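# Observations on the model geometry
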Amino acid sequence: MQIEDTPLEGVKMITPPRFGDSRGFFSETWSRPKLARAGIGIDFVQDNHSLSATPGTVRGLHFQAPPHAQDKLVRCGRGRLFDVAVDIRRGSPTYGRWWGTELSFENGRQLLVPAGFAHGFATLEPDTEIVYKCSDVYAPETEGSLLWNDPEIGIDWPVTDEAVLSDKDAAAPRLAELDTPFAWEAA
């Protein structure tokens, strides 16, 4: 498994190898022992699978607050998406900064988004599926969100037409309004 750091401390790009032949391929997308040897000791408890029919669908930027904060391991099961993490850890040298990358069925890459980061994505193809592991269960009472196109964050979304949003995501607060439940701890 190839594990790469990103400009945001704790956010990792993970690319599992694929072993293919004329039938297709096999890929081990998550291995607790292999990731633990790389210093990633997350105990995932829930898998989520989402389908977005229309390109330009934006979901996020979402997070869950403690005591149900979630680490996420995100991959694209079909299609292509632009996946984003935003640092919302008070006191972090990268607070309010974002990093994003394209995840696709073809490239097989995964993004590890730790607790303390808001997460979101934009679909780039019809019928795009996102599949992700979470380290805690869904707890709606701890949900938080940020406005996907907040100019203070300045994400360079690859959405050319008007984004397809839920009412909740369209009404999300800006970073300046966030009383973050997360604090940065120097490694």
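Look up: the structure comes first, before these words.
Predicted model only: the values in this text are computed from it and were never measured.

## Remarks on the overall build of the protein
- Regarding its fold elements, the protein presents two helices and 15 strands.
- With the C-alpha coordinates aligned to their principal axes, the bounding extent of the protein is approximately 55 × 40 × 30 Å.
- Residue burial in the protein is summarised as follows: out of 187 residues, 50% are buried.
- Considering only intrachain contacts with a sequence separation of at least 6, the fraction spanning at least 24 residues in the protein is 79%.
- Between the averaged position of the 18 positive side-chain charges in the protein and that of its 28 negative side-chain charges there is a distance of 7 Å.

## A word on the sheet that holds strand β8 (residues 80–87)
- Read across the sheet, five strands follow the order β10-β8-β12-β6-β14 without closing on themselves; strand pairing throughout is antiparallel. A strand with exactly one partner marks an edge of an open sheet, and here the two such strands are β10 (98–104) and β14 (143–145). Averaged over neighbouring strand pairs, the angle between their axes works out to 25° when direction is ignored.
- Note that β8 and β10 share seven bridges and pair antiparallel. Within the sheet, the bridge partner assigned to V84 lies in β10 and is G100.

## Observations regarding the packing of aromatic side chains
- Evaluated as defined, the whole model comprises six aromatic pairs.
- On the numbers, 6.1 Å between centres and 75° between planes, the contact of F82 with W157 is edge-to-face. You can see F82 sitting in strand β8 and its partner W157 sitting in the loop between β14 and α2 (167–170), a full 75 residues away along the chain. Each member of the pair, F82 together with W157, is buried.
- If you follow R18 out to its NZ or CZ, it ends over the ring of F25, 4.1 Å from the centre.
- The lysine or arginine in question, K133, covers the ring of W30, its NZ or CZ lying 5.0 Å from the ring centre.

## A short note on the pattern of salt bridges
- Considering all chains together, one arrives at eleven salt bridges under this definition.
- K133 serves as the salt-bridge partner of D47, at 3.0 Å between the closest nitrogen and oxygen. With D47 in strand β5 (residues 46–52) and K133 in strand β13 (residues 128–134), the pair connects residues that are 86 residues apart, well separated along the chain.
- For K133, a relative accessible area of 17% translates into the label buried.
- A salt bridge links R80 to E125, with the shortest nitrogen-to-oxygen separation between them at 2.9 Å. Taken together, the residues span a long stretch of sequence, with R80 in strand β8 and E125 in the loop between β12 (117–123) and β13 at a distance of 45 residues.
- Ionic contacts of the salt-bridge type, sharing partners, join the residues R80, E102 and E125 into one network.

## Some thoughts on the sheet that holds strand β7 (residues 72–78)
- On the basis of which strands lie adjacent, the open sheet formed by six strands has the order β1-β2-β11-β7-β13-β5 and antiparallel pairing. Lying at the two open borders of the sheet, with one neighbouring strand each, are β1 (2–5) and β5. The average angle at which neighbouring strand axes cross in this sheet is 25°, direction not considered.
- Here β7 runs beside β13; their pairing, made up of six bridges, is antiparallel. Its bridge partner being in β13, V74 is matched across the sheet by Y132.

## Let's talk about the nonpolar core
- Counting 21 residues, the largest nonpolar core has L61, V86, I88, L146, I155 and W157 as its most contacted members.
- Grouped together as the second largest cluster of nonpolar side chains are 16 residues, M13, L81, L103 and F121 included.

Parameters at a glance
Residues numbered from 1 in each chain as written. Predicted model: local features only at pLDDT ≥ 70, side-chain atom pairs only at ≥ 80, totals over all residues. Heavy atoms only, no water. Helix = DSSP H or I, 4+ residues; strand = E, 2+ residues; numbered from the N terminus. Buried < 20%, exposed > 50% of the residue type's maximum accessible area, 1.4 Å probe, protein only. Contact = heavy atoms within 4.5 Å. Lys, Arg positive; Asp, Glu negative; His and termini not counted. Charge placed at Lys NZ, Arg CZ, Asp CG, Glu CD. Pairing = 2+ DSSP bridges. Axes fitted to C-alpha atoms, helices over the stretch in contact; angles between N-to-C directions. Phe/Tyr/Trp six-rings, centres within 6.5 Å; stacked < 30°, edge-to-face > 60°. Lys NZ or Arg CZ within 6 Å of the ring centre and 35° of its normal. Salt bridge = Lys/Arg side-chain N within 4 Å of Asp/Glu carboxyl O. Core = buried A, V, L, I, M, F, W, Y, C linked by side-chain atoms within 4.5 Å.

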